[in-house]
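Descriptive structure summary
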Amino acid sequence: MRESGRLGGEALFVRVFLHEPAKSAVLAFRAGDPFERQAFVLIRDRRVRTTYEVIVSIARRAILSWKDVPGVQPPITFDEFLECERMVKADPAWRAAMKKRGVTDFSLAMVDPWSAGYYGPADDPARRLVRALTWIRTDELDNGYARPIEGLVTLVDLDGMEVLEVEDHAVVPLPTHDGNYTAAALANPRNVPHVPDGPRADLRRLEIAQPEGPSFELAGHELRWQKWRVRIGFTPREGVVLHTVGYEDGGRVRPILYRASLAEMVVPYGDPAPTHWRKNAFDEGEYGVGMLANRLELGCDCLGEIRYLDAVVSDGHGEPVILEKAVCLHEEDFGILWKHTNFRTGQVEVRRSRRFVISSIATVGNYEYGFYWYFYQDGSMALEVKLTGIMSTRAVAAGDGSPHSPAIAPGLAAPVHQHLFCARLDPAIDGPMNEVHEVEVETMAAGADNPWGNGFTPSATRLERELEARRDADPARSRAWKIVNPAVRNAVDEPVGYKLLPSATPTLLAREGSFIADRAGFATHNLWVTPYEPSERRAAGDHPNQHKGGDGLPRWTAADRSPVLLEFRIANVYAERGSSQPRGPGSRKE
Ligand SMILES: [Cu+2]
C-alpha cells in the first residue's frame, strides 16, 4: 500500500486483518486446492481526513480494491490513546482547569479518550473526535479511577491531534479516599474498601491437575475435543471468532455453525450529569475487543492444562503486533451432567460434566470483559461474558446523592449503566438450510380439551419476515427460539434443531428517540433474524464511531425480507441462516 503512493505520511493503519473468503469457497475447499490469502486494511489518512477500506492480495502483493469511505470514523487506536493523553496534558486550558482543583502535578493525571458518540451536527464524523475524561492518581501505582476530575470534558480532534474545547462544568471536590486493591493497600485506613487484617487467609490449596495431559488436540487453529470440531479465528474487532463448528456423530461431522462471534456491544450510561450523559461506548466497534485483548502470559486465571493461541494485530504504522497468548484453551470440571438413583435397587449412575473453554479477556480503559465460549458433552454450547475491572466513576459533593449514581465511597459514585452484547450466529445445523421457530408455553383456554383447567401446551411459530422476527425474551412463557433444519428428522420425525435460550435481562433502557437509542438500535430487541448476507456482519453497522444512528440491524431489516430466513439474535445475540441461496416458493417445499 505504501508503494502505491496513495498514502500520506500521516496515514494511520487502524486495522489489518484477514479478509475472509466467500462461504461457498470455504465449504467447497479440499486440501490442496489453490487459495489466495487476502487482507482487509482500514486506514485513516489524517492529512486529508479520509477513511479508506483496502483489500490486498498478500500472495500477489497486489491491491485488489481501494475504497474511499466518506462520512465515517474508524475505531480509536491504542496509539491514539497515548498520543491524546500526552497532548491533553500539555493543553493550557486543561491545565488551568486542573489547577482550579488544586492539581499541579500533571504527570499523575490519567486522560481516557472516550468515544465522542453523536449528539448533534457538531459531532459530524468529518472531524475525528473523542471526549477525553480525566482522573488523578496520588502516585504512579495508585488507582486513579477513585478520583475523577468531575465536570471536566476535553474535546479532542484526533486527526489534527489538538484540543478543540475544554468544558468545565463545575468544580466538585476530589474524593478523599483511596480505591486501591493490592493486599498492602487494603489495610490502609484511607482505602475503600478498608480491610484492617488484609486479605483473608482461610483457604487451603485446591489443585487441578491433568497428569496425562489434556484431552484435546490442536491442528493449527483447528480444535478437536471429544466429538467437537471448531476452527478458532481472531479479529481485532471481534476477538475470538468460531468457524465451522461441528460435532462428530457416527463417523461424520455434523455441522452446527458456520461462523459465530461477538457482533457489537454498547455501554450506555444512565446519568444525565454533564460529564456522564454522553458516555455510550461501543467497545467493539469504537475500540475493538480483539485489539485490546490481554496478553495472558502476563496473568492468566485458567487452571489446569492450558494451551494458548497468539493473535496478530497491527499497530498504527501497519506493523504486526503479536498479542502473545491472547486466547486460552482449557477443559474444566463442571459439576454433574446427569444423575439418576434407582430407589428400588439403590443403583446410582452419575455422569460428570466437563466443558471445553475458549476464552480471551479485553481491557477497555477501566473495564475488563472476559469472553468465554463453552462446549459441553451433551452437544450444547454457550457464550458467557464476564464483566469485571473497575467502574467508571464520578465525584459527588457531600450530601449530593443522585438516583442515577449510587454512592460507592465518600465523595465517589458510580453512574448506572448497561452492557449490551450482541453475538452473531450463522447456523448450519446439518446443512445450510435452517429456519427459526419461536417456542413458548401457553396456558390453554377452558374447553372440551381442557376440562379441568390444568392444561398447558408448548407452541411453535415459524418466524416468516424480518420485522416480525425482531423478538424479545419472555421468561413468563419460557420463550425460546429453535433453529431447525426441516429437511433432517430425528427419531420421532421432528426436525433436528438447536434451541437458543435467552437470559432474562433488559434490552436498551434509554428512551426511544434518544441519541443512544438511534445509535444502538440492535440493543432494542433480544433476537433478530435476517437472511444470510455476508456484508451484514456488524450489528450497529461497519463504522459506529460517531455514527448518528440507524445503521446495522434496524437498517437491514427495514426491507422486511422474507426469511424463512434467517439470521437471528437472542439475548442480544443474533444469528443467521447459513445459505446465500435465495429461497423462492419453488424451493421451499424441498
Ligand atoms: Cu459495568
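Residues numbered from 1 in each chain as written. Predicted model: local features only at pLDDT ≥ 70, side-chain atom pairs only at ≥ 80, totals over all residues. Heavy atoms only, no water.

A word on the overall build of the protein. Counting its regular elements, the protein contains eight helices and 30 strands. Scaling as 2.2 N^0.38, a compact globule of 590 residues should have a C-alpha radius of gyration of about 25 Å, and the protein matches this with 26 Å. Dimensions of the protein, computed from the C-alpha atoms along their principal axes, are close to 75 × 65 × 60 Å. Within the protein, the fraction of its 590 residues that count as buried is 50%. For the protein, the share of sequence-separated contacts (at least 6 apart) that also reach a separation of at least 24 residues comes to 61%. By element, 53% of the accessible surface of the protein is carried by carbon and sulfur atoms, the whole surface being about 28,300 Å². (Helix = DSSP H or I, 4+ residues; strand = E, 2+ residues; numbered from the N terminus. Rg over C-alpha atoms; globule rule 2.2 N^0.38 Å. Buried < 20%, exposed > 50% of the residue type's maximum accessible area, 1.4 Å probe, protein only. Contact = heavy atoms within 4.5 Å. Areas by Shrake-Rupley, 256 points an atom, 1.4 Å probe, with all protein chains shown as cover.)

Attention now moves to the coordination of the copper ion. Six octahedral donors at a metal ideally form angles of 90 or 180 degrees, and four tetrahedral donors ideally form angles of 109.5 degrees. Protein-derived coordination of the copper ion comes from Tyr367 (OH), His417 (NE2) and His419 (NE2), at a distance range of 1.9 to 2.0 Å. Site description for the copper ion: donor spacing in sequence, Y-x49-H-x1-H. (Donors = N, O, S within 2.8 Å, 3.2 Å for Na, K, Ca; no water.)

What follows concerns the pattern of salt bridges. Under the definition given, this model contains 49 salt bridges. A salt bridge links Arg46 to Glu83; its shortest N-O distance comes to 3.8 Å. Of the two residues, Arg46 sits in the loop between strand 2 (38-45) and strand 3 (50-57) while Glu83 sits in helix 2 (residues 78-89), which places them 37 residues apart along the sequence. Residues joined in a network through salt bridges with shared partners are Glu438, Glu440, Arg471, Asp474, Arg477 and Arg479. (Salt bridge = Lys/Arg side-chain N within 4 Å of Asp/Glu carboxyl O.)

Of the voids in this model, the second largest pocket is the one considered here, and its volume is about 1,200 Å³. Lining the second largest pocket are 49 residues, and of these Phe78, Phe81, Thr363, Val364 and Gly365 lie nearest its centre. Within the residue set of the lining of the second largest pocket, elements represented by two or more residues are strand 1 (11-18), helix 2, strand 5 (109-115), helix 5 (283-287), strand 15 (307-314), strand 16 (320-342), strand 17 (347-364) and strand 18 (367-375). Considering only residue class, the lining of the second largest pocket consists of 28 nonpolar, 10 polar and 11 charged. (1 Å grid on protein atoms, 1.4 Å probe; cavity = no way out; pocket = protein on both sides within 12 Å on 5 of 7 lines; lining within 4 Å. Points joined across faces, edges and corners; volume = space filled by probe spheres on them. Nonpolar A, V, L, I, M, F, W, Y, C, P; charged D, E, K, R; others polar.)

Our next topic: the nonpolar core. Side chains that are nonpolar tend, in soluble globular proteins, to be buried together. Core analysis: the biggest nonpolar cluster contains 79 residues, and Met98, Leu242, Ile358 and Phe375 have the highest contact counts within it. Considering every element that reaches this core, the biggest residue donor is strand 13 (residues 252-268), with six residues. Beyond its immediate stretch of four places on either side in the chain, Met98 contacts Val103, Phe106, Ala109, Thr134, Ile136, Ile149 and Leu152. Counting 16 residues, the second-largest nonpolar core is a separate cluster that includes Ala263, Cys422, Ala523 and Trp556. (Core = buried A, V, L, I, M, F, W, Y, C linked by side-chain atoms within 4.5 Å.)

In this approach the atoms are scanned with a rolling probe the size of a water molecule, which exposes any empty space left behind. All told, the structure shown has five cavities of 30 Å³ or more when counted by the stated rule. The calculated volume of the largest cavity comes to roughly 90 Å³. As for the largest cavity, its lining consists of Arg15, Phe17, Phe40, Leu42, Glu53, Pro75, Arg237, Arg538, Asp542 and His543. Those elements that place two or more of their residues in the lining of the largest cavity are strand 1 and strand 2. In terms of residue class, the lining of the largest cavity is built from four nonpolar, one polar and five charged. Roughly 70 Å³ of internal volume is contained in the second largest cavity. Lining the second largest cavity are Trp114, Ser115, Arg131, Leu133, Val153, Pro274, Thr275, Arg278 and Lys279. If you list the elements that add at least two residues to the lining of the second largest cavity, you get strand 5 and strand 6 (129-136).

Taken together, five strands build an open sheet; the order of strands is 15-16-17-18-19 and the sheet is antiparallel. Each edge of the open sheet is held by one strand with a lone partner, namely strand 15 and strand 19 (381-389). Going across the sheet, the axis of each strand differs from the next one's by a mean of 30°, ignoring polarity. (Pairing = 2+ DSSP bridges. Axes fitted to C-alpha atoms, helices over the stretch in contact; angles between N-to-C directions.)

The omega torsion of the bond from Val192 to Pro193 falls at 0°, within 30 degrees of zero and hence cis. Along the polypeptide, Pro193 turns up in the loop between helix 4 (183-186) and strand 9 (216-219). Despite not being glycine, Thr244 shows a phi value in the positive range, around 40°. With respect to the secondary-structure elements, Thr244 resides in strand 12 (residues 239-249). Although it is not a glycine, Asp560 adopts a positive phi angle of roughly 50°.

Among the eight residues of strand 11 (residues 228-235), six are classified as buried, and the element is accordingly described as predominantly covered. Pairing of strand 10 (residues 222-225) with strand 11, which is carried by four bridges, proceeds in the antiparallel orientation. Looking at the pairing, Trp225 lines up with Trp228 of strand 11. Remark: two residues form the turn of the hairpin made by strand 10 and strand 11, two consecutive strands paired antiparallel; Gln226 in that turn has positive phi of roughly 50°. Relative to strand 12, strand 11 runs antiparallel, the two sharing seven bridges. Each residue of the ladder has a partner; that of Ile232, found in strand 12, is Leu242.

A few words on the sheet that holds strand 6. Ordered by their spatial adjacency, four strands build an open sheet running 5-6-7-8, and the pairing between neighbours is antiparallel. Whereas interior strands pair on both sides, the edge strands pair on one side only; in this sheet they are strand 5 and strand 8 (162-168). Neighbour-to-neighbour, the strand axes of the sheet open up by a mean angle of 30°, direction not taken into account. In terms of strand pairing, strand 5 meets strand 6 through seven bridges, oriented antiparallel. Across the sheet, Asp112 pairs through a bridge with Leu133, a residue of strand 6. Sitting on the sheet, helix 3 (residues 92-100) touches strand 5, strand 6, strand 7 (148-157) and strand 8, and the angle it makes with strand 7 is about 180°.

Keep in mind these values describe shape, not function.
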